[in-house]
Amino acid sequence: MDDDEWSSVEKILRKRRQDIAQAWYHAISPAADHTEGTSEVRARLEILWDHAVEFLLDETLGLNMAEAIGGTLAALDTPQPDTLGRSLETLAVEILGGLPAEQAVGLQPRLAKLQGGIATGHGRAARESILSQQKAIHSELLDTREGVERALRTSEAQFRQLIDLLPVGFLAVAPGSGRILMANRVALTTLRSSDPEEVIGKATFDFVRPEQMDLARAYFARLTPDQPASEFSEDVMELQDGSVRHIEFSSRLLHATDEPIVQIVFRDVSDRKRAEAALRDSEQKFRTLAEVTPAGILITDRNGPFYANPGLEILTGYSLEELRHIDWTELVEGETLSQLRSFLDALDDEHPTLPIEFKIRTKSGESKWVTTSWRPIELCGERVWMNTTFDISPRVEIEEKLRAYAKRLELFGEIDRAGILARSKHEIALATLNSISELIGCDRASITEVDAANHSHAVLAVAPQVQTTIAVGRTFRLEHWKAVMDNLKRGIHYVADLDHVHARTPLQEEIYREGVRSYLSVPLSSQGKIVGVLNLGSFRPDAFSENAQETAREVARHVAIVLRNAQLFAELESSHQRLEELSRQLVLVQEA
């Protein structure tokens, strides 16, 4: 072809540059549209196409350029060897298909050289790539082997460090000979050694007393490869130095290497055994003390009471099983219940409480005063509460008697002062009634003066000062006077419940309508003579106990004496006035 024809071919090829590159691209990689880097590969192929056009049009260019194009294709990892031929055929068809026949025929020799050069360059580059990959794989294998060996050494060091940090003993033992292959720090300490060289390589039987060797050999002989790790068992190990160690151990036969080994994990529980023995001894001492002490002891945790000593069962009348199912507040009588609730609300898990006193009602219905305190204690590793309760009823009873006695003395002082200062029977009687309700619980009280000549009573004082038909100054004529006086001379006249009196007297009916259910009449006697009556009434039936009746007698005796003294003083003063009047009259007579 002449220069004009070559120029025409160049224009056609340049014009179809992108179409030929696109067709070539699809021939090289049919799935390229679905892969990443599609545009980049297509751009590279267009550049290669430009080089191919230069090769086809310039006969001075040797096969090196064609081979370079093939090497570049290999570097792109496309096409694969099985599609290279098809891609070159597609390239030739696309190039020749757009040229006139004469020009296509003239270009075929050069095109054949281009195809051969591309194939040669692609093959050479592919072989070099394979050799490079093989070298990289070999190098990686060498690095991997060294890494595995290094990792193995590191893993073994970490394993040894790990077992040395374990809080339990670890031994690796050959099953037949019992030879120790590995021992951690705790195991060395248990075997009374600080140097691993003193233990590694020796048989475990060398560290126990001769009478235990046969037992150790029999134990190793029973182990089988398919046997799972045993549960922790407890045994006593007697060492050569004569010391005895209590141990818990678990073992398993493993095939981790060519030879089987026995892995033994154990812990020395000698200290725990000593602590348990000391705890049992302490518990026995506590139980002995708790069961003989007269105090009630109750121990509770978050789930409720779990121990009650005999003293508490005697104190309350309830067994431990019954105490588990009742609320302690149900045992407390009303007047002290609020104090107990405040006391329980103030409990905490750190500090013992101060003793508190309250009143309980036992299973039999008896009332008792008790003092109780709570203390948090540690028991078997758990925080529990120990309650100690003492029966203080005798002490409280004595204290109440002393307070009542002091109150009586105070009342007697008031009565005496009224007798000395006021010298009025009404004021003496009123002072008595104002204080007697603090000694004897009553809702109504009165003192009447006996008029033996008229067989009647006159009301000296009434307490409290409420609207009542039994008013101060009222006089009652008593029928059957002799019978009433004889009854009072024998002592107290007590009616426990007016509801049970079917034939009530008019006076009884009168006080009954005012709400009185029980009443007490105590004679005020002085020198064998009844000078008045102390009357106490209550809105409750059977309100006056024997103790209250005895207190009423004592008050009545004292009031009678004061009233008698006041009466004598009044008589003395009257006599003195009469003498003065007689003296005055005598003087007048003499002067006349």
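Because the structure is predicted, anything quoted here is derived from the model rather than measured.

Undergrad: How should I be thinking about unusual backbone geometry in this particular structure?
TA: Most peptide bonds take the trans form, and the phi angle of most residues other than glycine is negative. Residues Ala463 and Pro464 are joined by a peptide bond in cis, for which omega reads -5 degrees. One can find Pro464 in the loop between strand E12 (456-463) and strand E13 (475-477). Even without being a glycine, Arg192 presents a positive backbone phi close to 65 degrees. You can see Arg192 is positioned in the loop between helix H7 (185-190) and helix H8 (210-222). Its identity is not glycine, yet Asp542 carries a phi of approximately 50 degrees, on the positive side.

Undergrad: Can you help me understand the sheet that holds strand E1 (residues 169-173) in this one?
TA: Where strands meet in a sheet, backbone hydrogen bonds hold them as pairs that are either parallel or antiparallel. Ordered by their spatial adjacency, five strands build an open sheet running E2-E1-E5-E4-E3, and the pairing between neighbours is antiparallel. Where the open sheet ends on each side, the last strands, each with one partner, are strand E2 (180-183) and strand E3 (233-238). Each strand axis lies, on average, 35 degrees off the axis of its neighbour in the sheet, ignoring direction. In terms of strand pairing, E1 meets strand E5 (residues 261-268) through five bridges, oriented antiparallel. Across the sheet, residue Gly169 finds its bridge partner in E5, namely Phe266. Taken strand by strand, helix H9 (residues 270-292) contacts E3, strand E4 (244-254) and E5, and its axis lies near 135 degrees from that of E4.

Undergrad: Whenever I open this one, the pattern of salt bridges confuses me. Can you help?
TA: Side chains that differ in charge, positive against negative, can pair when their charged atoms come close. Applying the stated criterion to the full structure yields 18 salt bridges. Glu248 is the salt-bridge partner of Arg272, the closest N and O atoms lying 2.8 Å from each other. Of this pair, Arg272 sits in helix H9 while Glu248 is found in strand E4, placing the two residues 24 residues apart along the sequence.

Undergrad: Quick question: what am I supposed to make of the confidence of the model for the chain here?
TA: Segments scoring low in pLDDT should not have their predicted coordinates read at a detailed level. Summarising the model, the chain shows a mean pLDDT of 77, and 78% of its residues fall at 70 or more. When the criterion is pLDDT under 50, residues 31-37 qualifies, and its contacts beyond four places in sequence or with other chains add up to six contacts.

Undergrad: Is there a simple way to explain the side chain of Thr389 in this structure?
TA: Take Thr389: it is sitting in strand E10 (residues 382-391). A distance of 3.1 Å separates the side chain of Thr389 from the side chain of Thr372, its partner in a polar contact. Within the structure, the side chain of Thr389 is placed 2.9 Å from the side chain of Asn387, a separation counted as a polar contact. Not counting chain neighbours up to four residues away, the residues in contact with Thr389 comprise Ala295, Gly296, Leu315, Val370, Thr371 and Thr372.

Undergrad: Even after reading the chapter, I still don't get the sheet that holds strand E11 (residues 444-451), so can you show me in this structure?
TA: Spatial strand order, E13-E12-E11-E16-E15-E14: six strands in an open sheet with antiparallel pairing. On the outer flanks of this sheet lie E13 and strand E14 (493-495), each paired with one strand and no other. If you compare each strand with its neighbour and ignore which way they point, the axes differ by 20 degrees on average. Note that E12 and E13 share three bridges and pair antiparallel. By the bridge assignment, Ala458 is partnered in E13 with Thr475.

Here is what the cut-offs are and how they apply
Position numbers for residues start from 1 in each chain and track the written sequence from start to end. With the structure being a predicted model, the display of local features is reserved for residues of pLDDT at least 70 and the display and counting of side-chain atom pairs for 80 or more, all residues being used for whole-chain, interface and lining totals. Hydrogens are left out, water is left out, and the side-chain values use all remaining heavy atoms of the structure. Think of it this way: any DSSP run of H or I at least four residues long counts as a helix, any run of E at least two long counts as a strand, and we number them from the N terminus. Should DSSP find at least two bridges between two strands, the strands are taken to pair. Note on geometry: axes are lines fitted to C-alpha atoms, helical ones only across the stretch in contact, with angles between N-to-C directions running from 0 to 180 degrees. Note on contacts: a residue pair is in contact if any heavy atoms of the two residues lie within 4.5 Å. Any Lys or Arg side-chain nitrogen located within 4 Å of an Asp or Glu carboxyl oxygen qualifies as a salt bridge. A score from 0 to 100, pLDDT tells how confident the predictor is in each residue. Any pair of nitrogen or oxygen atoms within 3.5 Å is treated as a polar contact; in protein, a donor-acceptor pairing is required on top of that, and neighbouring residues in sequence qualify only through side-chain atoms on both sides.

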